[in-house]
Structures are given as structure tokens and as C-alpha cells.
Amino acid sequence: MPRGRPRMDLDRSTPAGLLGAKVRHFRDLKGWSPAELAEKVFVSETLINKVERGKASPSEALAKNLDRKLDAGGQIEELWPLLSIQTFEDYAEEFLNHQKRAVKIQEYSQVVPGLVQTRAYALALAKSAEIVTGNDPRSVADLRMERQAILDAAGAPWLLVVLDEAALRRVVGSKAVMVEQLEHLLKLGERPRVEIRVLPFGDTVPAVLPGSLSILTMRSGTQYAYTEGITTGRMFQGEDATAYAVLYDRVLSNALSAARSTDLVRKAIEEYGSERT
């Protein structure tokens, strides 16, 4: 008789849900509790419970380890590649829910990230991606502005943004839009809980680092990592989140100081201004 928490209905309509159902099925056959399985594959019981409910995607290494320990005959491992087709919206919604409760947010991006975008920049960026995403640019921009409310709320999170220098140099919308956006970054950087850093050209970014990376730290100390492209997004926790946090630290170590970053942003504003005259 399987032990552990009371049984919960599982959603098998997504790849993550189906994989989770397989994990529970083979765990039940072994007669193990979630805690016992967690101990055997060297992860937390919380992660096992989330994997079984389809609320967390295991790493490839964990999927293989689960398959081996549970004698699943490849039935778990073969589902892992299908996790990549989980919709971008599903991952994004989960990430945004965690972001609202995070006490520290760390961002790396090759464009200005959503939490510090002006509406004009957000609108221009959304318009450029509309042909791929099919999303209404105005709605996208409105939602990004709504998300920024967490920076003005009581107990606002600490925010550290590392911008690739390309985010300063690549024109989004127009030079006027860029000037407004960069001036907005300077104002945000004056806040006590916000720090803006720039990773200059010439410094090497880890090859596995995606176009953007967010690290969320919750009040409990739990960390989540989120990577995003134009139409793709993946969320990670546990050991995978820790690995991405290490990648973030490597990027941060090569970024300019806050003061030198401010100087570079000001220089970019001056250059855009002179080009418009």
C-alpha cells in the first residue's frame, strides 16, 4: 500500500503531467513514499511531489535516474524530450506567480527586461515579435507595465539587472525610444533596492546561457531559474536552478560596476541624442 500524502488527481494532459503520473505509478509499484524515492535519487521530497503533479520538470539527469531507480524500462526517460513542447504561456505564468512573491530578483538579458522597460520600448519590442508570437503588442505592453507594480509595493524585492551591452546598442523602436528607455534605467538605478549593471562587449558569456535568464529567491531561500526566448520559456528549481544561479554569478563577476555601468548608459544616451540632431 503506497504511503505518503493523500492521493491527488493527476493531470495527464501535458507532457510534464504524464511524466509525473508515470513516476507515481512506478513508485507505487515499489511501495515507496515520495520521501523514500527522493532519498534514492538525491533530491528533495518537495521536488518529487511537484514532479508527480506535473508542477516541475525534472532535468534530463533526474529523469534518467528516476527511470533507473524505479525500474521503469525507459517509460519515464523517453518522455523527457517531450517536456520542451509544454507551452510558453504555462511556464511564463508559473514564473510570474513566483516573481510576485520573490524577495530578490536577478536578471540577465540581451534586451532590456520587462520589469524595467518603458511602455514605448515594450510596445516596440512586442511589435517586432508579433509575426512569431501572434500576441497583440498593446496587450503585451500593458501587462508588462502592470507587472512593474511590484517594484513600487511595500516590501519591494531587491532587483539586480545585468544588461548585455547589446541591449544599449541595439535600437528598439527608434532612437527616441532608446533615449527614454535608457534614462528610465538611470532613474531606476537611483533606487536603494535596484542595481543596474552592464556586461560590456568583449567579455565571454557562458555558451549555454540563453537570451535571458532570471533567478528568483523566495523568502524561504528557495531559488527558481527561468530562461526565455521569443516563444520559449523553461522554469527550473532545485539543482537545476542552482546551476543557473552559478552561471548568473559568472556573468555578474564580469559585469561593470554600478558606477561604470551608469557612465556607459549615459554615453549611449548622448550618442543617440547627437544622432537625432
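About the criteria used
Residues numbered from 1 in each chain as written. Predicted model: local features only at pLDDT ≥ 70, side-chain atom pairs only at ≥ 80, totals over all residues. Heavy atoms only, no water. Buried < 20%, exposed > 50% of the residue type's maximum accessible area, 1.4 Å probe, protein only. Helix = DSSP H or I, 4+ residues; strand = E, 2+ residues; numbered from the N terminus. Arc of directions from axis to C-beta. Salt bridge = Lys/Arg side-chain N within 4 Å of Asp/Glu carboxyl O. Axes fitted to C-alpha atoms, helices over the stretch in contact; angles between N-to-C directions. Parallel < 35°, antiparallel > 145°, perpendicular 65-115°, else oblique. Contact = heavy atoms within 4.5 Å. Nonpolar A, V, L, I, M, F, W, Y, C, P; charged D, E, K, R; others polar. Expected span 1.5 Å × (residues − 1). Core = buried A, V, L, I, M, F, W, Y, C linked by side-chain atoms within 4.5 Å.

Caption draft 1: Local environment of helix α7 (residues 137-147). Listed as buried for α7 are P137, V140 and A141. Buried residues along α7 cover an arc of 95° about the axis, so they all sit on one side. Of the exposed residues in α7, those oriented more than 90 degrees away from the buried face are R138, L143 and E146.

Caption draft 2: Structural context of the pattern of salt bridges. Here the structure, examined in full by the defined rule, presents eleven salt bridges. Of the charged contacts in the structure, one is a salt bridge between E52 and R27, with a shortest N-O distance of 2.6 Å. Within this pair, whereas E52 is found in helix α3 (residues 45-52), its partner R27 is found in helix α1 (residues 15-30), the two being separated by 25 residues in sequence. Classification of E52 by relative accessible area gives buried; the value is 2%. A salt bridge links E271 to R169, with the shortest nitrogen-to-oxygen separation between them at 2.8 Å. Residue E271 is found in helix α11 (residues 258-276), and its partner R169 is found in helix α8 (residues 166-169); the two are separated by 102 residues along the sequence. Residue R169 is classed as partly exposed on the basis of its relative accessible area, which comes to 28%. Salt bridges here are not isolated pairs; linked through shared partners, they connect R24, R27, D28 and E52.

Caption draft 3: Examining the side chain of S109 more closely. Note on placement: S109 falls in strand β1 (residues 104-109). For S109, a relative accessible area of 4% translates into the label buried.

Caption draft 4: Representation of the packing of helix α2 (residues 34-41) against α3 within the structure. Between α2 and α3, whose axes approach to 8 Å, the crossing angle comes to 110°. When the interaxial angle is binned, α2 and α3 end up roughly perpendicular. Mapping the contact onto sequence places P34, A35, L37, A38 and V41 in α2 and E45, I48 and N49 in α3. Its residues placed into classes, the contact of α2 with α3 shows six nonpolar, one polar and one charged.

Caption draft 5: A look at helix α10 (residues 239-254). Over its 16 residues, α10 runs 24 Å from end to end, which matches the ideal 22 Å to within 8%, given 1.5 Å per residue. A241, Y244, A245, L247, Y248, V251 and L252 are the residues of α10 that are buried. For α10, the buried positions fall inside an angular range of 160° around the axis, keeping them on one side. Along α10, exposed side chains directed more than 90 degrees from the buried face belong to E239 and S253. Buried residues in α10 make contact with β1, β2 (158-164), β3 (194-199), β4 (212-217), β5 (223-228) and β6 (233-237).

Caption draft 6: View of the nonpolar core. Counting residues in hydrophobic clusters, the biggest one holds 39 residues, and the most contacted among them are L159, L163, L168 and L182. Taken together, the elements giving at least two residues each to this core come down to α5 (88-99), α6 (119-133), β2, α8, α9 (175-189), β3, β5 and α11. In terms of residues, this core owes the most to one element, α9, which gives seven residues. In this structure, L159 is in contact with I105, E107, L115, V116, L151, R193, V194 and E195, ignoring residues within four places of it in sequence. L37, A38, V43 and L79 belong to the second largest nonpolar core, which has 18 residues in total.

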